[in-house]
Amino acid sequence: QVQLVESGGGLVQPGGSLRLSCAASGRNFSLYVMGWYRQAPGKQRERVASITSGGSTNYADSVKGRFTISRDNAKNTFYLQMNSLKPEDTAVYYCRLGRVAYEYWGQGTQVTVSS
């Protein structure tokens, strides 16, 4: 059974850092695109960052220079390092693994940036 388990969310002050993890199991995901999405109240879900099997990355303009996505294929795990967090980063963050005709989602983890 395919399962994605997220961890690392929580409450942090503005300017602080968090690292989110997404651990996948059930198959080898080395050929999948790995991505992080977020959804805040009143806003559409947006793609925050993604990384391909070849290591190419994409970031939303709002997080460029602050967030870094990485993957460890040997562990079927990927990460989102979030630095210089702002209140507007507050959202539920979801990890996703995707390939043509297949996609899997994590359960979501709350990130709250507040003083």
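Below is a short write-up of the structure. From a predicted model like this one, the values you see are computed outputs, not experimental measurements.

### Digging into the sheet that holds strand 7 (residues 67-72)
Pairing is antiparallel in the open sheet, where 4 strands are placed in the order 1-3-8-7. The sheet is open, and its two borders are formed by strand 1 (3-7) and strand 7, each paired with just one other strand. For this sheet, the mean angle separating the axes of adjacent strands, direction not counted, is 15 degrees. Pairing between strand 1 and strand 3 (residues 18-25): 5 bridges, direction antiparallel. Each residue of the ladder has a partner; that of S7, found in strand 3, is S21.

### As for the nonpolar core
Most often, soluble globular proteins have nonpolar side chains that are buried together. The biggest cluster of nonpolar side chains holds 29 residues, and the ones touching the most others in it are W36, L80, M82 and Y93. Mapped by element, the contributors of at least two residues to this core are strand 3, strand 4 (33-39), strand 5 (46-51), strand 7, strand 8 (77-82), strand 9 (91-99) and strand 11 (109-113). Contacts of M82, omitting those with residues within four sequence positions, involve G16, S17, L18, L20, R66, F67, Y93 and V111.

Rules used in this analysis
- Residues numbered from 1 in each chain as written.
- Predicted model: local features only at pLDDT ≥ 70, side-chain atom pairs only at ≥ 80, totals over all residues.
- Heavy atoms only, no water.
- Pairing = 2+ DSSP bridges.
- Helix = DSSP H or I, 4+ residues; strand = E, 2+ residues; numbered from the N terminus.
- Axes fitted to C-alpha atoms, helices over the stretch in contact; angles between N-to-C directions.
- Core = buried A, V, L, I, M, F, W, Y, C linked by side-chain atoms within 4.5 Å.
- Buried < 20%, exposed > 50% of the residue type's maximum accessible area, 1.4 Å probe, protein only.
- Contact = heavy atoms within 4.5 Å.

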